[in-house]
Amino acid sequence: MNKRLVMKNPHGNIVSCILSTEIDYKEQLHQVFALSTGQGISAELCTDTVVIRDVFHGETIAEFQVLSLEETTEPVSYDLTPAE
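These remarks concern the structure in this document. (Residues numbered from 1 in each chain as written. Predicted model: local features only at pLDDT ≥ 70, side-chain atom pairs only at ≥ 80, totals over all residues. Heavy atoms only, no water.)

1. Describing the overall build of the chain
Summing up its helical and strand segments, the chain has 1 helix and 6 strands in all. For the chain, the C-alpha radius of gyration of 12 Å lies close to 12 Å, the compact-globule estimate for 84 residues. In terms of its C-alpha atoms, the chain occupies a principal-axis envelope of roughly 40 × 30 × 20 Å. Within the chain, the proportion of its 84 residues that are buried is 37%. Restricting to contacts in the chain with at least 6 residues of sequence separation, those with at least 24 account for 48%. (Helix = DSSP H or I, 4+ residues; strand = E, 2+ residues; numbered from the N terminus. Rg over C-alpha atoms; globule rule 2.2 N^0.38 Å. Buried < 20%, exposed > 50% of the residue type's maximum accessible area, 1.4 Å probe, protein only. Contact = heavy atoms within 4.5 Å.)

2. Quick word on unusual backbone geometry
A positive phi angle is found at A34, which is not glycine, with a value near 55°. The topology assignment puts A34 in the loop between α1 (25-32) and β3 (41-45).

3. Considering the nonpolar core
Nonpolar side chains tend toward joint burial in soluble globular proteins. Core analysis: the largest hydrophobic core is formed by 15 residues, its most contacted members being L5, M7, F33, V50, I52 and F64. Only β1 (2-8), β2 (14-20), α1, β4 (49-54) and β5 (59-72) provide two or more residues apiece to this core. (Core = buried A, V, L, I, M, F, W, Y, C linked by side-chain atoms within 4.5 Å.)

In structure tokens form, the structure reads like this:
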């Protein structure tokens, strides 16, 4: 079973993606936000937020409010799509 992650971005738009429960969420969020190893930027799913951080400076670059993380039968999709 996969999980649909629904978030509100810093601009107030609601977006979603589908994550696998079999792969670490942090690794998948790097794919969602097109982050590569060595860039010094990390994405992490916290309790009620997804935080994008500059790991070199320890600063938050962006924060997405998690609206829901629910089971779905939909296939994994790392594309952020508009949600309602």
